[in-house]
Amino acid sequence: MIRNTNDSEDSTSERSRAVSPVIGVILMVAITIILAAVIGAFVLGFGTDTETPPNSAWDSTQDPTSGVDVAGDDATLNDVTFTLETTDRTIDGDNLDIVFPDSDIDRVGATDDSYSAGDSIVVNESTVDDGNGDIEEIDAGERVRVVWVGDDSSSVLATHTVN
């Protein structure tokens, strides 16, 4: 049997040449996937810092002398106290508003610079007396809310229904 040594060398050479295009294709696909992921992250807004509302728990109480008096007339809203029970961070007071969704009273900013666990916001006639409305317009059953307001969004943190 006669063996052709040239065929053996050609076969090895062809196998070596076939590896190069396969590696090239794999690298091109990997680069394309990485580029698409980076461009997609920028387009969808990943990687940008966005303000998120705090993860917090609030408790609300109301002074029993407020709400509707015995004659059925509106009494002055004395104190609705929102107490920050727990939070994942200190909350900037500039991001908190007191909102009266069932009334004509406009939003009112929170009174302190920052709020941590244990701090309170007291809503009463003096809190709201900024010329935007009359606290006595709040009837029993209407709501008072603490709202966190960020750059692009807002979130209701606590709601109290007036007694």
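Here the structure is a predicted model, which means the values were calculated and not measured.

A. View of the nonpolar core. Ranked by internal contacts, the top residues of the largest apolar core, which has 20 residues, are Trp58, Phe82, Leu96, Ile98, Ile121, Val123 and Val146. If you list the elements that add at least two residues to this core, you get β2 (80–87), β4 (96–99), β7 (120–123), β8 (143–149) and β9 (154–161). In this view, Ile121 contacts Trp58, Val80, Thr81, Phe82, Leu96, Ile98, Ala110, Tyr115 and Val146; residues no more than four positions away in its chain are not counted.

B. Spatial organisation of the confidence of the model for the protein chain. Per-residue pLDDT for the protein chain averages 78, and the proportion of residues at 70 or more is 71%. Ranking the helices and strands of the protein chain by mean pLDDT puts strand β1 (residues 56–62) first, with 94, and helix α2 (residues 125–128) last, with 69.

C. Focus on the side chain of His160. Considering the arrangement of structural elements, one finds His160 in strand β9. Excluding its chain neighbours within four sequence positions, the residues that come into contact with His160 are Ser60, Thr61, Gln62, Val80, Phe82, Glu142, Arg143 and Val144.

D. Highlighting the pairing of β2. In this structure, β1 lies alongside β2, joined through seven bridges in antiparallel fashion. Among the inter-strand pairings, Thr61 is bridged to a residue of β2, identified as Thr81. As paired strands, β2 and β7 are joined by four bridges and run antiparallel to one another. Residue pairing for β7: Thr83 is matched across the bridge by Ser120.

E. Geometry of a negative patch on the surface. On the surface, Glu51, Asp92, Asp94, Asp112, Asp113, Asp151 and Asp152 cluster together into a negatively charged patch. For Asp113, the location among the structural elements is in the loop between β5 (108–109) and β6 (114–115). A relative accessible area of 67% places Asp113 in the exposed class.

F. Just the sheet that holds β9, in detail. Strand order in this open sheet of four strands is β5-β4-β8-β9, and the pairing throughout is antiparallel. Two strands close off the open sheet at either side, each with one partner strand: β5 and β9. Where β4 lies against β8, four bridges are found, and the strand directions are antiparallel. When the bridges of β8 are listed, Ile98 appears paired with Val146.

Cut-offs applied
Residues numbered from 1 in each chain as written. Predicted model: local features only at pLDDT ≥ 70, side-chain atom pairs only at ≥ 80, totals over all residues. Heavy atoms only, no water. Core = buried A, V, L, I, M, F, W, Y, C linked by side-chain atoms within 4.5 Å. Buried < 20%, exposed > 50% of the residue type's maximum accessible area, 1.4 Å probe, protein only. Helix = DSSP H or I, 4+ residues; strand = E, 2+ residues; numbered from the N terminus. Contact = heavy atoms within 4.5 Å. pLDDT = per-residue confidence, 0-100. Pairing = 2+ DSSP bridges. Patch = residues over 30% accessible without salt bridge, like charges linked within 9 Å, V, L, I, M, F, W, Y side chains within 5 Å. Areas by Shrake-Rupley, 256 points an atom, 1.4 Å probe, with all protein chains shown as cover. Salt bridge = Lys/Arg side-chain N within 4 Å of Asp/Glu carboxyl O. Lys, Arg positive; Asp, Glu negative; His and termini not counted. Charge placed at Lys NZ, Arg CZ, Asp CG, Glu CD.

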